[in-house]
Amino acid sequence: QVQLVESGGGLVQAGESLRLSCAASGSIRSINAMAWYRQAPGNQRELVAVIVSGGSTNYADSVKGRFTISRDIAKNTVYLQMNSLKPEDTAVYYCNAYVGGPYAYGTDYWGKGTLVTVSS
């Protein structure tokens, strides 16, 4: 079992920055990848950024060059640095942890989300 707790959301103006944090606990040694998703009102949840156990990262095209996902292994924490925020970034941001298993079967764990609101 993995527990995830997000923090760092808030209300900012366009062009400003925020850093989200996701603290993991439980069976953290089993985590193969962690990611940030977001869901705006009325929209589907979308993948924002992912970091795998080896450290490689990937980003949605809409946030490339503005967002950075990183991790602090000692603190069991993953971060999402969000710069040059736009109103369209407004969403609830969710932390995700993927625990893989044999034959490509795994389990996803989710935090409860943190709200980011970007005003124009």
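Please refer to the structure placed before this passage.
Residues numbered from 1 in each chain as written. Predicted model: local features only at pLDDT ≥ 70, side-chain atom pairs only at ≥ 80, totals over all residues. Heavy atoms only, no water.

### Quick look at unusual backbone geometry
- At Asn-76, a residue that is not glycine, the phi angle is positive and equals roughly 55°.
- Looking at where Asn-76 falls in the secondary structure, it is placed in the loop between strand S7 (67-72) and strand S8 (77-82).
- Look at Ser-84: it is not a glycine, yet its phi comes out positive at around 50°.
- Inspection of the secondary structure puts Ser-84 in the loop between S8 and strand S9 (91-100). (Helix = DSSP H or I, 4+ residues; strand = E, 2+ residues; numbered from the N terminus.)

### A word on the sheet that holds S8
- What the four strands build is an open sheet, ordered S1-S3-S8-S7; its pairing is antiparallel. Looking at strand neighbours, the two that pair on one side only are strand S1 (2-7) and S7, the edges of this open sheet. In this sheet, adjacent strand axes meet at a mean angle of 20° when their direction is disregarded.
- Sheet analysis places S7 next to S8, joined by six bridges and oriented antiparallel. Across the sheet, residue Ile-69 finds its bridge partner in S8, namely Leu-80. (Pairing = 2+ DSSP bridges. Axes fitted to C-alpha atoms, helices over the stretch in contact; angles between N-to-C directions.)

### What to know about the pairing of strand S10 (residues 106-110)
- As paired elements, S9 and S10 share five bridges and run antiparallel to each other. The residue of S10 that forms the bridge with Asn-96 is Trp-110.
- Linking S9 back to S10 in an antiparallel pair, the connection comprises five residues, with Tyr-103 at a positive phi of about 60°.

### A closer look at the side chain of Thr-114
- Relative to the helices and strands, Thr-114 is located in strand S11 (residues 114-119).
- Of note is the side chain of Thr-114, whose polar atom sits 3.1 Å from the backbone nitrogen of Gly-9.
- Not counting chain neighbours up to four residues away, the residues in contact with Thr-114 comprise Glu-6, Ser-7, Gly-8, Gly-9, Leu-20, Ala-91, Val-92 and Tyr-93. (Polar contact = N/O pair within 3.5 Å; in protein donor to acceptor, adjacent residues only side chain to side chain. Contact = heavy atoms within 4.5 Å.)

### Things to note about the packing of aromatic side chains
- A full pass over the atoms with the stated rule returns one aromatic pair.
- The interplanar angle of 65° and the centroid separation of 4.9 Å between the aromatic rings of Tyr-37 and Trp-110 together place this pair among those described as edge-to-face. A residue pair is termed long-range when its members are at least 10 positions apart, and Tyr-37 in strand S4 (residues 33-39) and Trp-110 in strand S10 qualify at 73 residues.
- Note on Trp-110: relative accessible area 36%, which makes it partly exposed.
- The ring of Trp-110 has Arg-45 sitting right over it, with the charged end atom 4.8 Å from the ring centre. (Phe/Tyr/Trp six-rings, centres within 6.5 Å; stacked < 30°, edge-to-face > 60°. Buried < 20%, exposed > 50% of the residue type's maximum accessible area, 1.4 Å probe, protein only. Lys NZ or Arg CZ within 6 Å of the ring centre and 35° of its normal.)

### Thoughts on the environment of Met-82
- Along the polypeptide, Met-82 turns up in strand S8.
- On the accessibility criterion, Met-82 (0% relative accessible area) is buried.
- Taking the C-alpha atoms as reference points, Met-82 and Ala-97, 15 residues apart in sequence, are found 19 Å from one another.

### Examining the pattern of salt bridges
- This model, assessed by the stated rule, comprises four salt bridges.
- Between Lys-64 and Asp-61 there is a salt bridge; the shortest N-O distance is 3.2 Å.
- On the basis of relative accessible area, Lys-64 is assigned to the partly exposed category, the value being 48%.
- Here the residues in one salt-bridge network are Arg-38, Glu-46, Arg-66 and Asp-89, joined through shared partners. (Salt bridge = Lys/Arg side-chain N within 4 Å of Asp/Glu carboxyl O.)

Scope: geometric values only; no functional claims are made or implied.
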